[in-house]
Amino acid sequence: MLQFIPALWLLTGIDPPDVSAGGDWSWSPDTPACAVKAIAADGQTLVVSRTPGSNQTMFTIEWSDPVAPSYNGGTEALRGASVMFVRGGRANAEVWTTKDGRGRRFFSVMSDDPEFMSKFSAASAVEITHDRIGTFRAPVRWASAAAYALRNCEDRKMQEWGIDPAMWRGLKVHPVPLKPTNWVRADEYPRKALKHGLRGWGIARLEVDPDGRIKACTSINRDLYREFSDTVCNALKRRARFQPARDSNDRAVAAPYVVIVRFQTP
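Everything numeric in this text was worked out from a predicted model, so none of it was measured.

(A) A look at the overall build of the protein. When helices and strands are tallied, the protein shows 5 helices and 19 strands. A total of 266 residues make up the protein; the buried ones form 48% of that total. Restricting the contact set of the protein to residue pairs at least 6 apart, pairs at least 24 apart contribute 66%. Carbon together with sulfur atoms contributes 49% to the accessible area of the protein, which is approximately 13100 Å² in total.

(B) How the structure looks around the sheet that holds strand β11 (residues 125-130). Spatial ordering of the open sheet is given by β8-β7-β11-β12, a layout of 4 strands whose pairing is antiparallel. What marks the edges here is a single partner per strand, and that holds for β8 (89-91) and β12 (134-139). Averaged over all neighbouring strand pairs, the angle between strand axes comes to 25°, with direction disregarded. Here β11 runs beside β12; their pairing, made up of 6 bridges, is antiparallel. In the sheet register, His 130 faces β12, and the bridge partner there is Gly 134.

(C) Summary view of the state of the cysteines. In the structure shown here, the tally under the stated rule is 2 disulfides. Here Cys 34 connects covalently by a disulfide to Cys 153, the sulfurs 2.0 Å from one another. What sets the handedness of the Cys 34 and Cys 153 disulfide is the S-S torsion sign, and at about -85° it is left-handed. Taken together, the residues span a long stretch of sequence, with Cys 34 in strand β3 (residues 34-39) and Cys 153 in helix α2 (residues 143-160) at a distance of 119 residues. The same class applies to Cys 34 and to Cys 153, which are both buried. The partner cysteine of Cys 217 in its disulfide is Cys 233, sulfur to sulfur 2.0 Å. With the S-S bond torsion at -80°, the cross-link from Cys 217 to Cys 233 turns out left-handed. One end of the pair, Cys 217, is in strand β15 (residues 214-219); the other, Cys 233, is in helix α5 (residues 226-239), and 16 residues separate them in sequence.

(D) Quick look at unusual backbone geometry. The backbone phi angle of Asn 55 is positive, close to 70°, even though this residue is not glycine. In this fold, Asn 55 is placed in the loop between β4 (45-50) and β5 (57-63). Phi at Trp 142 is positive, roughly 55°, even though this residue is not glycine. Tracing the backbone through its elements, the reader meets Trp 142 in the loop between β12 and α2.

(E) The arrangement of the sheet that holds strand β9 (residues 94-99) in detail. Strand order in the open sheet made by the 7 strands is β2-β3-β4-β5-β10-β9-β6, with antiparallel pairing throughout. The open sheet is flanked by β2 (25-27) and β6 (74-77), the only strands paired with a single partner. Going from strand to strand, the sheet's axes swing by 20° on average, the running direction of each strand aside. Inspection of the sheet shows β2 paired to β3 by 3 bridges, in the antiparallel sense. Its bridge partner lying in β3, Trp 25 is registered against Ala 38. Each of β2, β3 and β4 is contacted by α2, which is oriented at about 160° to β3, the strand it contacts most.

(F) The arrangement of α2 in detail. Along its 18 residues, α2 runs 26 Å from first to last C-alpha, staying within 8% of the 26 Å computed at 1.5 Å per residue. Within α2, the full set of buried residues consists of Ala 143, Ala 146, Ala 147, Ala 149, Leu 150, Cys 153, Glu 154, Asp 155, Lys 157 and Met 158. Looking at the buried positions of α2, the neighbouring elements they touch are β2, β3, β4, α1 (116-121) and α3 (165-170). Trailing α2 by a residue or two, Gly 162 shows a phi angle of about 80°, which is positive.

Here is what the cut-offs are and how they apply
Residues numbered from 1 in each chain as written. Predicted model: local features only at pLDDT ≥ 70, side-chain atom pairs only at ≥ 80, totals over all residues. Heavy atoms only, no water. Helix = DSSP H or I, 4+ residues; strand = E, 2+ residues; numbered from the N terminus. Buried < 20%, exposed > 50% of the residue type's maximum accessible area, 1.4 Å probe, protein only. Contact = heavy atoms within 4.5 Å. Areas by Shrake-Rupley, 256 points an atom, 1.4 Å probe, with all protein chains shown as cover. Pairing = 2+ DSSP bridges. Axes fitted to C-alpha atoms, helices over the stretch in contact; angles between N-to-C directions. Disulfide = S-S within 2.5 Å. Expected span 1.5 Å × (residues − 1).

So, in structure tokens, the structure goes:
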């Protein structure tokens, strides 16, 4: 199984930025990107993760309330769903629902909206609306503290990965992947890793040319199982195309872009 995800905080011996001032929020160590989570009084778990150097955000809501909106088991795309941050505004995003074997339910929101975090930081709640499920609402507290901590984490991680945070944030438009983004196919899972049940992350830093093509791909975590990162780079060079970045003068320019793929056996 392959999963593209926003990159999370890597355990490198450097303490992540403090989020204790954020009340409900703490760091989520489950993935290699910048991610924070909060558990609400009603048992809902919110996770917000950001990929440093890609402008991707994943927002996940998990709950086990038996009166929550119902849908079929497994994972299903909610096409046409809207995402609204109360007080923050509407966000452009794709939404999926999931129900696992233990009765847990999830909403997963994936967005390339460059304004996503500013909208989230002002939010008191998030509302997901779809014709079939109506409107699902989850309260959000201390959103501004979580957004601030994530930004600091992104900047530190970009520096570790050879990306200048000031340059990145100074771009008027960041590289945007052209759909689809499932660049690595399931049959490209490294055979030796699959045979021995090895799991891990392939993390790659791309250099995207002003024409939207990939000039170079550098494996960031080659100290782990090297074939994971090599597989990601090989697939991206063959298939990935982007809308190029633009500078403050609206000129197409070269810029970096980070991709993370999770390799996990069934």
